[in-house]
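# Coordinate analysis (summary)
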Amino acid sequence: MRTRLHHETWHPTPPRATVPPALQPWLTDPASLTARITARCGQFAVRVLFQSLDQALRDEAAVLSLRPGERVWVREVLLFADGRPVVFARSLLPRRNVRGAWNLFRGLGARPLGAALFADPAIARSALTCTRLDRRDARYHRARSVLATCAPESALGHDLWGRRSLFRLHGRALMVSEFFLPAIYDLPR
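First, a word on what this report is: a plain description of the structure on this page. (Residues numbered from 1 in each chain as written. Predicted model: local features only at pLDDT ≥ 70, side-chain atom pairs only at ≥ 80, totals over all residues. Heavy atoms only, no water.)

Attention now moves to the pattern of salt bridges. Scanning the entire structure with this criterion turns up 14 salt bridges. Between Arg36 and Asp29 there is a salt bridge, with its nearest N and O atoms 2.9 Å apart. The partner of Glu70 in a salt bridge is Arg96, and the shortest N-O contact between them spans 2.3 Å. Pair noted here: Glu70 is in the loop between helix H3 (58–63) and strand E2 (71–81) and Arg96 is in the loop between strand E3 (84–94) and helix H4 (113–119), with a separation of 26 residues, a long-range link. Accessibility expressed as a relative area gives 11% for Glu70, which makes it buried. Among the charged side chains, a salt-bridge network with shared partners connects Asp59, Glu60, Glu76, Arg90, Asp137, Arg139, Arg142 and Arg164. (Salt bridge = Lys/Arg side-chain N within 4 Å of Asp/Glu carboxyl O. Helix = DSSP H or I, 4+ residues; strand = E, 2+ residues; numbered from the N terminus. Buried < 20%, exposed > 50% of the residue type's maximum accessible area, 1.4 Å probe, protein only.)

This is how it looks when you write it as C-alpha cells:
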C-alpha cells in the first residue's frame with residue numbers, strides 16, 4: 001500500500017473552523033466507536049477488507065517508532081450501520097508487539113476490534129488526534145475504492161476526516177485509525 005503521502009497534520013482537538021459540527025462528537029468521543037455506532041443503529045456489522053503483514057505509511061511508522069522497512073500487521077475493515085458503511089478503520093500492530101494478549105489481533109475475523117480493546121482494563125488508550133485526508137493520501141484512496149464497490153451511492157467528497165490513537169498493553173502499542181464515511185452523518189450524534 002505504498003503511495004505518496006501528503007503532509008497532513010494530526011490535531012489534538014478538531015479544528016472548529018473546518019470540521020463539520022455534526023462530526024465533532026464522533027471525532028472527540030474517547031469511548032468505543034463500536035459501542036457508539038451500535039447504540040445508534042438497528043444492526044451493526046464489520047467487514048474485513050485486508051489483514052496481513054504490510055508496510056506502514058510514513059506518518060504511521062513515525063508514531064509507532066518503526067525502523068525503516070519494518071513490516072507490521074495491518075487490518076482494514078468497514079464498519080456498517082444498518083447495512084451502510086459508516087467508518088473505514090485501519091489498525092497497525094508492529095510484529096514485535098504480537099505477544100500475549102495482542103495475539104487477539106490476528107484471530108478477530110469479523111468481530112469488532114473495539115469491543116475487545118475496551119473489554120480489557122489492562123489496555124490503556126492514548127489521547128485521540130484527528131486529521132483531514134484528501135486525494136493525496138493512500139488511506140483516502142483506499143476508502144474511496146472500497147466505497148465504490150460496496151456502496152457506489154456513497155461517493156467520497158473532497159476530504160475524509162478521521163481520528164487515531166494508540167492502545168498499549170504492557171508497553172506494546174497498537175494503532176487504530178478510524179475514518180468517517182458520508183453515511184455517518186445519517187446517524188444520530
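Right, let's talk about the nonpolar core for a bit. Ranked by internal contacts, the top residues of the largest apolar core, which has 20 residues, are Ile37 and Val87. Sorting the residues of this core by element identifies helix H1 (24–28), helix H2 (33–38), E2 and E3 as the ones contributing at least two each. Counting residues in each nonpolar core, the second largest holds 14 residues, with Phe88, Leu133, Ala143 and Phe179 among its members. (Core = buried A, V, L, I, M, F, W, Y, C linked by side-chain atoms within 4.5 Å.)

This paragraph deals with empty space enclosed by the protein. Tallied over the full model, the rule gives one cavity of 30 Å³ or more. One number sums up the size of the largest cavity: a volume of about 170 Å³. Of the residues forming the lining of the largest cavity, the biggest block, four residues, is contributed by H4. Along the lines of polarity and charge, the residues of the lining of the largest cavity split into 11 nonpolar, four polar and three charged. (1 Å grid on protein atoms, 1.4 Å probe; cavity = no way out; pocket = protein on both sides within 12 Å on 5 of 7 lines; lining within 4 Å. Points joined across faces, edges and corners; volume = space filled by probe spheres on them. Nonpolar A, V, L, I, M, F, W, Y, C, P; charged D, E, K, R; others polar.)

Considering all chains together, one arrives at four aromatic pairs under this definition. Plain terms: the ring middles of Trp10 and Phe179 are 6.4 Å apart, the flat faces sit at 65° to each other, and that makes the pair edge-to-face. Of this pair, Trp10 sits in the segment before H1 while Phe179 sits in strand E7 (residues 172–180), placing them 169 residues apart in sequence. One exposure class covers both Trp10 and Phe179, and it is buried. Their ring planes at 50° and their centres at 6.3 Å tell us that Trp26 and Phe180 sit as a pair that is tilted. With Trp26 in helix H1 and Phe180 in strand E7, the pair connects residues that are 154 residues apart, well separated along the chain. (Phe/Tyr/Trp six-rings, centres within 6.5 Å; stacked < 30°, edge-to-face > 60°.)

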